[in-house]
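# Understanding the architecture of this molecule
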Amino acid sequence: MENEAGALSRVAGLFSARGYNIESLSVAPTEDPTLSRMTLVTKGSDDVIEQVTKQLNKLIEVVKVIDLTDGNHIERELMLVKIKAVGSDRDEIKRLVDIFRGSIIDVTEKSYTVELTGTSAKLDAFLDNIDNSIVLETVRTGASGIGRGDWVLKV
Amino acid sequence: MSVELTGAEITIRCLQEEGVECIFGYPGGAVLFLYDELFKQDKVRHILVRHEQAALHAADGYARSSNKVGVALVTSGPGVTNAVTGIATAYLDSIPLVIISGQVPTNAIGLDAFQEVDTVGITRPCVKHNFLVSDISELATTIKKAFYIASTGRPGPVLVDIPKDVTQQKAPFVYPEKLTMRSYNPVVKGNAKQIKKAVDLIVSAKRPIIYTGGGVILSDAAKLLTELTRLLNYPCTNTLMGLGGYPATDKQFIGMLGMHGTYEANMAMQYCDVLIAVGARFDDRVIGNPKHFSNESRKIVHIDIDPSSISKRVKVDVPIVGNVPDVLKELIKLLKNSKEEPDKTALQEWWHQIDTWRARDCLKYDRDSSIIKPQMVVEKLYEVTKGDAFITSDVGQHQMWAAQFYKFDKPRRWINSGGLGTMGFGMPAAMGAQLANPKAKVACVTGEASIQMCIQELSTCKQYKLPLKIVNLNNRYMGMVRQWQEFFHGNRYSESYMDALPDFIRLAESYGHVGIKIERPEEVEDALKEAFKLKDQLVFLDFITDQTENVFPMVPGGKGLSEMILV
């Protein structure tokens, strides 16, 4: 979409006004600074997704809408999670972070801050493997997606 | 090097470049420089309304009756919030408007300044697009874009919010001749394969119906629709917004459909086997309960410029996205060359069935009543104006009677708030229609409740000598509310009685107009004739009508099209 003030609120407003659901949304300018690219995750029947796509296309600032799930695609989400790490938990968490190919990016005597990238499901799985009571804080970006292979989204 | 102009000068020059002759507005602090420039020129005429809602409705009526872009000018804060109802009205009916709104100076935005509201935020969900111009170098291009977006594709209102300091600053003025917008390219031509498919389906029909809406009016496709309908000899029904798209006096016209549509139109819609939808959107007031509608199987061709209108409430078989006239032209061409022809015997049987439904005479009412029947007033209005007036309406029972009983043979003659259902729309819209068509007869069919929502515009009508005929169907009730309370709320008329009504005659007279009170059926025709004889005067006709009259047929909310309550 056009990298203009207000474009994001048009998208967000459309979803709330029409009762569609935003699971996550991530947006930033692209290699062309006049354009922003947004990855929006939503759920709905085929009919609802068709309407969402059409309604998004109607927004004047939206240049192109593609449904990444129509084809092969890659999606990644970044999560930062602060975990209480004392005693035997410290080794256990370290092992788990290694298994999930994350990294510990900040350490104190009482806590680790872990950086983890992957599909949303992988991030969920990581959290599922940690006792909820020691998770102090999480922050997630929502998924960013791109098509697989040589196919390129051009405007 | 081009000349440097102030933002205010640029704005007015842009309006002139767009060929705008008439704008509707109300001044205020944030737009003083714009009004100063208006004062210094004489190409753009400004109509001073008495409330910003009316500025929007008037611009809207102007646009609907002329196919030009309507323009309104309002100040920041309350100027904008007052205008919102009118903007939403235009948005729901896809009317091309450009709204220029003043805003507090850029350095005051966000500081809760005097008369500051987040105009772009407040209007976002009810405009096709809006802009805040924070840099004078973008002003001319933005206004150009506003007119382009408002009038192309599926039309709609576009708002341009201009901070006061931007109207004061100077910049070189160049009005762009052409625009390219990578993110906005409305479709024109329909897909050839889809049109071919549609032709095959259309000629295979045994029980066809052509169902058309506001899109036919907005795109000026009435002639092509008539050509298509006559070529096929298929029955045609119009939505409330589509009336005038096909001549109502023609034998192939089976009336309006929907909640208060005719028995024959609703039955034909329910029991057709091929449905050709043109510039219509299957909304809840038109097809009732979509589940009930899909109880019968039929194939649907849907022509519309807006892809999001297709398969929104009802799944269609052959969608054609495109500008209605372009698609109809192509369709007619292919049909004329088609080797296949519709099954004449089947069509004859279908017409026979429709005539049986017609014989039900669903719009009948007591013509011998000693109290004035509202339907009769509209019929007489039709006769007296020879079907050639611009008729605006407010919202409620009178709106439905006007739609049912005034036979619109031409497009753009019927002007009402179909989508939003805005009471108070009628008189200001009639002002716009009269200004766009100075010589035409313009009447506003209204009720004593609706008319009071913008009654202050009687003053505007006086100032600009607008000879409207106000046809007030005065039943002392918010009639449609009363009707629903009678049918669905056990006759408990909660807050729907209009108490303490003004004496409309003296009210009209106090504004310098003529008022006539009509209490007996035999006076109706003469009163209307007399009113239209007064060519230069606004005449307020206060018809004291039957309090308990209801609009029939009626498809109750949530019911199916064939489940009508009949008289």
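Residues numbered from 1 in each chain as written. Chains lettered and ligands numbered in written order. Predicted model: local features only at pLDDT ≥ 70, side-chain atom pairs only at ≥ 80, totals over all residues. Heavy atoms only, no water.

What follows covers the overall build of chain A. Regarding its fold elements, chain A presents four helices and seven strands. Within chain A, the fraction of its 155 residues that count as buried is 32%. Intrachain contacts of chain A at a sequence separation of at least 6 include 65% that bridge at least 24 residues. Summed over all atoms, the accessible surface of chain A reaches about 9,200 Å², with 50% contributed by carbon and sulfur. If you average the places of the 19 positive and of the 25 negative side-chain charges in chain A, the two averages end up 1 Å apart. (Helix = DSSP H or I, 4+ residues; strand = E, 2+ residues; numbered from the N terminus. Buried < 20%, exposed > 50% of the residue type's maximum accessible area, 1.4 Å probe, protein only. Contact = heavy atoms within 4.5 Å. Areas by Shrake-Rupley, 256 points an atom, 1.4 Å probe, with all protein chains shown as cover. Lys, Arg positive; Asp, Glu negative; His and termini not counted. Charge placed at Lys NZ, Arg CZ, Asp CG, Glu CD.)

Bringing the overall build of chain B into the picture now. Scanning chain B for helices and strands turns up 22 helices and 20 strands. A compact globule built from 567 residues would reach a C-alpha radius of gyration of about 24 Å, and chain B, at 24 Å, matches this within 12%. Summarising its shape, the C-alpha atoms of chain B cover approximately 70 × 60 × 40 Å along the three principal directions. Going through the 567 residues of chain B one by one, you find that 62% of them count as buried. Restricting to contacts in chain B with at least 6 residues of sequence separation, those with at least 24 account for 77%. Accessible area for chain B stands at about 22,300 Å²; split by element, carbon and sulfur atoms hold 50% of it. Of the side chains in chain B, 64 bear a positive and 64 a negative charge, and the two mean positions are spaced by 5 Å. (Rg over C-alpha atoms; globule rule 2.2 N^0.38 Å.)

On inspection of all chains with the given rule, the structure shows 19 aromatic pairs over all chains. Ring centres 5.3 Å apart and planes at 80° place the aromatic pair A:Phe100 and A:Phe126 in the edge-to-face group. Residue A:Phe100 is located in the loop between helix H3 (89-99) and strand E4 (103-107), and its partner A:Phe126 is located in helix H4 (residues 120-128); the two are separated by 26 residues in the primary sequence. Given the relative accessible area of 0%, A:Phe126 is considered buried. Judged by centre distance (4.8 Å) and plane angle (35°), the ring pair of B:Tyr406 and B:Phe408 falls under tilted. Across the pair, B:Phe408 and B:Tyr406 agree in class, each one buried. Lying across the ring of B:Phe293, B:Arg298 places its NZ or CZ 3.7 Å from the centre. Geometry around B:Phe390 places B:Arg413 over its ring, the cationic atom sitting 4.3 Å from the centre. (Phe/Tyr/Trp six-rings, centres within 6.5 Å; stacked < 30°, edge-to-face > 60°. Lys NZ or Arg CZ within 6 Å of the ring centre and 35° of its normal.)

Turning our attention to the interface of chain A and chain B. Contacts between the two partners involve 17 residues from chain A and, on the opposite side, 17 residues from chain B. Of the roughly 1,500 Å² buried where chain A meets chain B, counting both sides, 45% is carbon and sulfur surface. In this assembly, chain A and chain B are joined by five salt bridges. A salt bridge links A:Glu2 to B:Arg182; the nearest nitrogen and oxygen atoms lie 2.8 Å apart. Put simply, chain A and chain B have eleven residue pairs in polar contact (both at pLDDT 80 or more) between them. (Buried area = accessible area lost by both parts, 1.4 Å probe. Salt bridge = Lys/Arg side-chain N within 4 Å of Asp/Glu carboxyl O. Polar contact = N/O pair within 3.5 Å; in protein donor to acceptor, adjacent residues only side chain to side chain.)

Looking at helix H1 (residues 7-17) of chain B, one finds that the buried residues are B:Gly7, B:Ala8, B:Ile10, B:Thr11, B:Ile12, B:Cys14 and B:Leu15. Phi for B:Gly19, located one or two positions after H1(B), is positive at around 75°.

This part takes up the sheet that holds strand E7 (residues 157-163) of chain B. All names here are of chain B. Overall, parallel pairing links the six strands, which are arranged E3-E2-E4-E5-E7-E6 in an open sheet. Looking at strand neighbours, the two that pair on one side only are strand E3 (45-48) and strand E6 (129-132), the edges of this open sheet. Each strand of the sheet is rotated relative to its neighbour by a mean of 20°, with strand direction disregarded. Pairing between E6 and E7: four bridges, direction parallel. Within E7, the residue paired with leucine 132 across the bridge is aspartate 161. Sheet strands in contact with helix H2 (residues 32-39) are strand E2 (22-25), E3, strand E4 (70-74) and strand E5 (97-103), and its direction is about 125° off that of E4. (Pairing = 2+ DSSP bridges. Axes fitted to C-alpha atoms, helices over the stretch in contact; angles between N-to-C directions.)

Residues and elements named next belong to chain B. Relative to each other, helix H16 (residues 374-384) and helix H22 (residues 524-533) sit at 45°, their axes nearing to 9 Å. Classified by the angle their axes make, H16 and H22 are oblique. Remark: the crossing between H16 and H22 carries right-handed chirality. Between H16, through Met376, Val377, Lys380, Leu381 and Val384, and H22, the contact on the second element is made entirely by Val524, Glu525, Leu528, Lys529 and Phe532. Split by residue class, the contact of H16 with H22 holds seven nonpolar, no polar and three charged. (Parallel < 35°, antiparallel > 145°, perpendicular 65-115°, else oblique. Left-handed = near helix turned anticlockwise from the far one by under 90°. Nonpolar A, V, L, I, M, F, W, Y, C, P; charged D, E, K, R; others polar.)

Moving on to the side chain of A:Gln55. One can find A:Gln55 in helix H2 (residues 46-58). When sequence neighbours within four positions are dropped, the list of residues in contact with A:Gln55 reads A:Leu14, A:Arg18, A:Tyr20 and B:Ser308.

Residue and element names in this part refer to chain B. In the contact formed by H1 and H2, the axes pass within 8 Å of each other and the chain directions differ by 55°. In terms of their interaxial angle, H1 and H2 are classed as oblique. Here H1 and H2 pass one another in a crossing that is right-handed. Side by side, H1 and H2 meet where Ala8, Glu9, Thr11 and Ile12 of the first sit next to Phe33, Leu34, Glu37 and Leu38 of the second. Tallied by class, the residues present in the contact of H1 with H2 amount to five nonpolar, one polar and two charged.

This next bit is on the pairing of strand E1 (residues 24-29) of chain A. Residues and elements named next belong to chain A. Inspection of the sheet shows E1 paired to strand E2 (residues 36-41) by six bridges, in the antiparallel sense. By the bridge assignment for E2, serine 26 is matched with threonine 39. What sits between E1 and E2 in their antiparallel hairpin is a turn of six residues.

Residue and element names in this part refer to chain A. Taken together, the side chains of Leu78, Leu80, Ile105 and Val139 make up a nonpolar region of the molecular surface, amounting to roughly 290 Å² of accessible area. Secondary-structure assignment places valine 139 in strand E6 (residues 135-140). Judged by its relative accessible area of 46%, valine 139 is partly exposed. (Patch = residues over 30% accessible without salt bridge, like charges linked within 9 Å, V, L, I, M, F, W, Y side chains within 5 Å.)

On to the pattern of salt bridges, then. Under the defined criterion, the tally for this structure stands at 39 salt bridges over all chains. Put simply, B:Lys196 and B:Asp200 hold a salt bridge, and the shortest N to O gap is 3.0 Å. Within this pair, B:Lys196 and its partner B:Asp200 are both found in helix H8 (residues 192-203), separated by four residues, close to a single helical turn. By relative accessible area, B:Lys196 is classed as partly exposed at 42%. The residue B:Arg285 makes a salt bridge to B:Asp284 at a minimum N-O spacing of 3.5 Å. The network of salt bridges with shared partners includes A:Asp47, A:Glu50, A:Lys54 and B:Lys315.

It is worth spelling out the environment of B:Thr167 at this point. Residue and element names in this part refer to chain B. Within the element layout of this structure, threonine 167 appears in helix H7 (residues 164-168). Separated by 34 residues in the primary sequence, threonine 167 and valine 133 place their C-alpha atoms 10.0 Å from one another. Aside from chain neighbours lying at most four places away, what touches threonine 167 is Thr6, Gly7, Ala8, Phe33, Leu34 and Ile162.

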